Amino acid sequence: GFTRVLGDINNLSLSAKVAARIKIDSIQTTPTILYFFIPFLKQEYNLEEIKYIYLAGEFCSEQKLQFFKSVFKKAYFKFSYGSIEAEVLGFRCNVLNDLPSRFFHPLPIFYYEEVVNSEGNNSLVISHLSNKIAFPLIRYETKDAIKMVDSKCDCGQEVLMEVFGKLEYDTAKIQGTVIYSSQVYQALEPFKRYLASIEWQMHIFEEVRGEKILPKLKIQLVPIKEKQEKLKQIRSVLEQGIVEKLYLSSKMTLAELVKKGVFLPLEVEFVENLSFSTKQKHIISHLG
């Protein structure tokens, strides 16, 4: 009963005009594309007409989901976890709708393995359990950072899968710690009043200090419009505040690791905007 119309991600303005003309009531896309589509759609259409939004293809933080819900006040949100090669890899039952969007149940058509790859990261490896598929996947590494636990759900499922995003996009392992996009979003939450965009990009460097080589994190943010002197104060607030909120392990914040001499202090860089891409690369390593 659905009529599906494809938009053009390279011309979001025109896509918004088409959406308004045909009076859409649902959207299927990635979280990144939806975020950049909103300003164009808002100019052309009443967003309360959107009743259903299906998001897949990449990690979506709780903070970004709450932002979407504040914009599309009458929309029901559905999430799916999958890939181009395997299609759907995980689903959310009604019980999981009350949990953050990174939780899924695995499908019975795959054998799931949580393995440590060559970089020391936990990655999902899958194999099809049927030979009736034209091109079955055998021990295919998805490059997704995941965690699987035995957990009895009221829906009858017995395994819970937590998906943290792509290893090349949303996670990075450094100095015995792991940076997750979800943790960065959470650390930024108390300071969003200073920001014009909830998007960000984290860069990882190494610098020589004395006889040590220490990792340094630089986060690029889009600030609110303020005078230059005011922006200096905001940068100082962010550099001091984010490190207290950003956990790089279950118990240690970046601030504590800086005090121990394991990391260099965080650097905040203000940019006018962050480049748009279909899948946003949040964490970028510049290590050799």
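Residues numbered from 1 in each chain as written. Predicted model: local features only at pLDDT ≥ 70, side-chain atom pairs only at ≥ 80, totals over all residues. Heavy atoms only, no water.

Asks: Quick one: what's the story with the pattern of salt bridges, residue by residue and with numbers?
Replies: Once their charged atoms are close, side chains differing in charge can pair, the charge on each being opposite to the other. Under the criterion given, the structure shown has 11 salt bridges. Put simply, E44 and K17 hold a salt bridge, and the shortest N to O gap is 3.3 Å. Pair noted here: E44 is in helix 2 (residues 31–44) and K17 is in helix 1 (residues 12–22), with a separation of 27 residues, a long-range link. A relative accessible area of 33% means that E44 is categorised as partly exposed. Salt-bridge contacts for K216 lead to E207; the nearest nitrogen and oxygen are separated by 3.6 Å. Here the salt bridges do not stand alone but share partners, grouping E207, R209, K216 and E267 into one network. (Salt bridge = Lys/Arg side-chain N within 4 Å of Asp/Glu carboxyl O. Helix = DSSP H or I, 4+ residues; strand = E, 2+ residues; numbered from the N terminus. Buried < 20%, exposed > 50% of the residue type's maximum accessible area, 1.4 Å probe, protein only.)

Asks: Describe the sheet that holds strand 16 (residues 283–285), listing the residues and the values that go with them.
Replies: The strand order across the open sheet formed by 4 strands is 15-14-13-16, and the pairing between neighbours is mixed. Each edge of the sheet is formed by a strand with only one pairing partner; in this case those strands are strand 15 (267–270) and strand 16. For this sheet the average axis-to-axis angle between neighbouring strands, irrespective of direction, equals 25°. Bridge count between strand 14 (residues 212–223) and strand 15: 4 bridges; the pairing is parallel. Bridging from a neighbouring strand, Q220 pairs with E269 of strand 15. (Pairing = 2+ DSSP bridges. Axes fitted to C-alpha atoms, helices over the stretch in contact; angles between N-to-C directions.)

Asks: Outline a nonpolar patch on the surface, listing residues and values.
Replies: Together, V5, L14, V18 and I22 make up an exposed nonpolar region whose accessible area comes to about 320 Å². Tracing the chain through its elements places V5 in the segment before helix 1. (Patch = residues over 30% accessible without salt bridge, like charges linked within 9 Å, V, L, I, M, F, W, Y side chains within 5 Å. Areas by Shrake-Rupley, 256 points an atom, 1.4 Å probe, with all protein chains shown as cover.)

Asks: Which residues make up the sheet that holds strand 2 (residues 52–55), and what values do they have?
Replies: Taken together, the 3 strands give an open sheet; going across it, the order is 1-2-3, and neighbouring strands pair in parallel fashion. Each of the sheet's edge strands pairs with one partner strand only, and the pair in question is strand 1 (26–29) and strand 3 (76–79). Here the strands of the sheet are splayed against their neighbours by 10° on average, with no regard to which way each runs. Running over the sheet, helix 2 touches strand 1 and strand 2 and is turned about 140° from strand 1. (Contact = heavy atoms within 4.5 Å.)

Asks: Got a sec to walk through the packing of helix 2 against helix 3 (residues 62–71)? Specific residues and values, please.
Replies: As a packed pair, helix 2 and helix 3 sit with axes 11 Å apart at the nearest point and diverge in direction by 40°. As the angle between them shows, helix 2 and helix 3 are arranged oblique. Viewed along their axes, helix 2 and helix 3 form a crossing whose handedness is left-handed. Contact residues: P31, T32, L34, Y35 and I38 in helix 2; K64, F67, F68 and V71 in helix 3. Its residues assigned to classes, the contact of helix 2 with helix 3 comprises 7 nonpolar, 1 polar and 1 charged. (Parallel < 35°, antiparallel > 145°, perpendicular 65-115°, else oblique. Left-handed = near helix turned anticlockwise from the far one by under 90°. Nonpolar A, V, L, I, M, F, W, Y, C, P; charged D, E, K, R; others polar.)

Asks: Could you give me a rundown of the environment of F72, with the residues and numbers involved?
Replies: By secondary structure assignment, the location of F72 is in the loop between helix 3 and strand 3. Each C-alpha atom of the pair F72 and V159 lies 32 Å from the other, and the pair is 87 residues apart in sequence. Setting aside residues no more than four positions away along its own chain, F72 makes contact with I27, L34, I38, L41, L47, I50, I53 and F77.

Asks: Before we move on, could you go through the packing of aromatic side chains and cite the residues and values that matter?
Replies: Counted by the stated rule, this structure contains 8 aromatic pairs. Ring-pair connections join several aromatic residues into one group, and the members of that group are Y35, F36, F67 and F68. Across from the ring centre of Y35, 5.9 Å away, lies the NZ or CZ of K64, which sits over that ring. The ring of F104 carries R92 above its face, with NZ or CZ at 6.0 Å from the centroid. (Phe/Tyr/Trp six-rings, centres within 6.5 Å; stacked < 30°, edge-to-face > 60°. Lys NZ or Arg CZ within 6 Å of the ring centre and 35° of its normal.)

Asks: Please provide a residue-by-residue account of helix 4 (residues 181–188), values included.
Replies: Along an α-helix, residues three or four positions apart point the same way, because every turn accommodates 3.6 residues. Across the 8 residues of helix 4, 6 count as buried, placing the element largely inside the fold. What helix 4 keeps buried is the set S181, S182, V184, Y185, A187 and L188.

Asks: Summarise the nonpolar core; cite the residues concerned and give the values.
Replies: Among soluble globular proteins, nonpolar side chains are generally buried collectively. Counting residues in hydrophobic clusters, the biggest one holds 38 residues, and the most contacted among them are I27, L41, I53, F72 and F77. Contributing elements (two or more residues each) for this core: helix 1, helix 2, strand 2, helix 3, strand 3, strand 7 (110–116), strand 8 (122–128) and strand 10 (159–166). With 6 residues, the top contributor of residues to this core is helix 2. Apart from residues no more than four positions distant in its own chain, F77 is found in contact with I53, L55, L65, F68, K69 and F72. (Core = buried A, V, L, I, M, F, W, Y, C linked by side-chain atoms within 4.5 Å.)

Asks: Would you mind going over the confidence of the model for the protein in detail, with residue names and values included?
Replies: When pLDDT is averaged along the protein, the result is 86, and 96% of the positions lie at 70 or above. Taken element by element, the predicted model of the protein shows its lowest mean pLDDT in strand 11 (residues 171–174) (79) and its highest in helix 1 (94). (pLDDT = per-residue confidence, 0-100.)

Asks: Which residues make up the environment of A145, and what are the values?
Replies: Locating A145 in the fold gives a position in strand 9 (residues 140–150). Sequence spacing of A145 and V115 is 30 residues, and the spatial spacing of their C-alpha atoms is 9.8 Å.

Asks: Lay out unusual backbone geometry in plain terms, naming residues and giving numbers.
Replies: As a rule of thumb, non-glycine residues mostly have phi less than zero, and peptide bonds are mostly trans rather than cis. Unlike most non-glycine residues, K23 shows phi in positive territory, near 60°. Its place among the elements puts K23 in the loop between helix 1 and strand 1. The class for K23 is exposed, based on a relative accessible area of 65%. Within the chain, K143 stands out as a residue other than glycine whose phi angle is a positive 65°. Tracing the sequence through the fold places K143 in strand 9.

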